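Residues per chain, in single letters:
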Amino acid sequence: MSVEYGRLFERMKNGKISGAELAKKAGISGNIMTRIRRNEYISLESIEKICNALNCKIDDIIEFKA
């Protein structure tokens, strides 16, 4: 199973927020943003920080693919 973050990028685009702005607002590193761009694993803690910063649920920003 893989994770895709396309929903996160759509939400960022619609909210006109850059990766750097999101990282700062969520308190995550630039390395986490790089991992997201590559559709790589990030911790649940990081996902929670992003959701709190964007005021959303997990399934609003990630999609699981078989």
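This one's a predicted model, so the numbers in the text were calculated from it and none came from an experiment. (Residues numbered from 1 in each chain as written. Predicted model: local features only at pLDDT ≥ 70, side-chain atom pairs only at ≥ 80, totals over all residues. Heavy atoms only, no water.)

## Focus on helix H3 (residues 30-37)
Basically, it comes down to this: When a residue's accessible area, from a 1.4 Å probe over protein chains only, is under 20% of the maximum for its type it is buried; when over 50% it is exposed; and in between it is partly exposed. Secondary structure elements are taken from DSSP: a helix is a run of H or I of four residues or more, a strand is a run of E of two residues or more, and numbering for both begins at the N terminus. Here the arc refers to the set of directions running from the helix axis out to each C-beta atom. Should any heavy atoms of two residues lie within 4.5 Å, those residues are counted as being in contact.
Three or more residues of H3 are buried, namely Ile32, Met33 and Ile36. Buried positions in H3, seen along its axis, are confined to an arc of 100° and lie on one side of it. For H3, the exposed residues lying more than 90 degrees away from the buried face are Asn31 and Arg37. Check the buried side of H3 and you find it contacts helix H1 (6-15), helix H2 (19-26) and helix H4 (44-54). Of the residues one or two after H3, Asn39 is the one with positive phi, at around 55°.

## Here we look at the pattern of salt bridges
When their charged atoms lie close together, side chains carrying opposite charge are able to pair. Cut-off, in case you're wondering: We define a salt bridge as a contact between a side-chain nitrogen of Lys or Arg and a carboxyl oxygen of Asp or Glu at a distance within 4 Å.
Tallied over the entire structure, the rule returns four salt bridges. In this structure, Glu40 and Arg35 form a salt bridge, with 3.3 Å as the shortest nitrogen-oxygen distance. Accessibility expressed as a relative area gives 33% for Arg35, which makes it partly exposed. The residue Glu45 makes a salt bridge to Lys49 at a minimum N-O spacing of 3.8 Å. Residue Glu45 and its partner Lys49 are located together in helix H4, separated by four residues, close to a single helical turn. Taking the relative accessible area as the measure of exposure, Glu45 reaches 52% and is therefore exposed. Among the charged side chains, a salt-bridge network with shared partners connects Arg7, Glu63 and Lys65.

## As for H2
Residues of H2 that are buried: Gly19, Leu22, Ala23 and Ala26. What you see down the axis of H2 is that its buried residues fit within an arc of 100°, all on one side. Turned more than 90 degrees from where H2 packs its buried face, Ala20, Lys24 and Lys25 sit exposed.

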